[in-house]
Amino acid sequence: RTATNSKTISFIMSIPLYDIARNSCQEWVMTSSQQQLPTRIDAVAIDEYARNVVDVDTVRTLGSSLAQDANCTRVDAGFASVEAEAALIVLLHALDFGGGWRLALHAHTGGKGAFLTVKAGVEKLYNISASDSDTLTLSAEWLETRTLEDIGEYFSLPTNKGKELRPFAIQLTKVINEVGAGVKKAGASTVEEWLVARLRESNNSSSDNKEPTPAGDLVHALVHTFPFTFNDVHKLEDGTVV
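Procedures and definitions
Residues numbered from 1 in each chain as written. Predicted model: local features only at pLDDT ≥ 70, side-chain atom pairs only at ≥ 80, totals over all residues. Heavy atoms only, no water. Helix = DSSP H or I, 4+ residues; strand = E, 2+ residues; numbered from the N terminus. Buried < 20%, exposed > 50% of the residue type's maximum accessible area, 1.4 Å probe, protein only. Contact = heavy atoms within 4.5 Å. Areas by Shrake-Rupley, 256 points an atom, 1.4 Å probe, with all protein chains shown as cover. Salt bridge = Lys/Arg side-chain N within 4 Å of Asp/Glu carboxyl O. Phe/Tyr/Trp six-rings, centres within 6.5 Å; stacked < 30°, edge-to-face > 60°.

Asks: How would you sum up the overall build of the chain? Please name residues and give values.
Replies: Of regular secondary structure, the chain possesses 13 helices and zero strands. The buried share of the chain, reckoned over its 242 residues, is 30%. For the chain, long-range pairs separated by at least 24 residues make up 55% of all intrachain contacts whose partners lie at least 6 apart in sequence. As displayed, the chain offers around 15900 Å² of accessible surface, 55% of which is attributable to carbon and sulfur atoms.

This is the structure we're talking about:
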């Protein structure tokens with residue numbers, strides 16, 4: 001039995017990691033297309049869990065900030081409304097990538113990885129946008145016109161040619177510009193306006209035979225409004241797309 005397990009483990013370890021992930025995702029997609037999977041939110045169970053939570057005050061504290069609740073970390077920004085805070089969360093998660101530059105970021109920042117680098121940059125970007133009296137907070141026009149040099153300043157990243165972290169700064173710039181362009185193309189003036197409109201559309205499109213699915217509809221809207229941002233693939237040095 002031990003020998004069999006060792007052979008199996010050796011075989012699995014010989015398969016490229018991305019092939020393992022790709023195959024498991026393909027199997028999941030095929031299974032979901034052939035049968036209805038038991039994936040749903042049980043509101044009754046949630047209510048029961050909430051009633052039986054012992055440390056209610058701690059839970060309320062953790063949930064007092066949407067941005068904190070989303071990643072268990074507070075953001076250094078003030079919000080005029082819940083909708084404004086939700087808009088920042090959308091942008092924060094659109095930019096939540098960069099793990100491939102982890103070691104370079106550690107060396108450059110003195111220990112910060114991708115998320116903490118992005119978080120600090122988004123906070124600065126948001127606060128600069130909010131303090132600009134000539135534009136709306138996270139306005140489509142403002143985001144679409146941010147330059148590589150702007151992003152380098154906000155996120156404290158080097159943008160000079162030849163620098164290891166320049167490609168990361170370029171990717172951040174592309175996403176931020178696309179978010180602005182996508183919001184404007186959809187007819188909204190700010191990320192907040194776009195987000196609220198998408199959620200209202202989801203609720204208004206429900207019928208007697210169909211419950212609203214705001215989370216699923218929002219994911220669909222994100223993918224189609226910002227195709228570059230949510231096209232989660234990357235080309236390796238050998239040309240392999242993962």
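Read on for the rest.
Asks: An account of the pattern of salt bridges is needed here, citing residue identities and associated values.
Replies: Following the criterion strictly, the structure yields five salt bridges and no others. Here R198 makes a salt bridge to E201, at a shortest N to O gap of 2.8 Å. Here E201 and R198 lie together in helix α12 (residues 191–204), a separation of three residues that amounts to about one turn. On the basis of relative accessibility, which here comes to 45%, the residue E201 falls in the partly exposed class.

Asks: Lay out the packing of aromatic side chains in plain terms, naming residues and giving numbers.
Replies: Applying the stated criterion across every chain yields a total of five aromatic pairs. When the ring of F97 is compared with that of F168, the centres are 5.9 Å apart and the planes differ by 85°; the resulting orientation is edge-to-face. Residue F97 is located in the loop between α6 (82–94) and α7 (102–109), and its partner F168 is located in helix α11 (residues 166–185); the two are separated by 71 residues in the primary sequence. On the basis of relative accessibility, which here comes to 25%, the residue F97 falls in the partly exposed class. Given the relative accessible area of 0%, F168 is considered buried. Ring centres of W194 and F226 lie 5.2 Å apart, and the angle between their planes is 55°; on these two criteria the pair is classed as tilted. Of this pair, W194 sits in helix α12 while F226 sits in the segment after α13 (214–225), placing them 32 residues apart in sequence. F226 shares its class with W194; the two are buried. An aromatic cluster is built from F97, W101 and F168, whose rings are joined through pairwise contacts.

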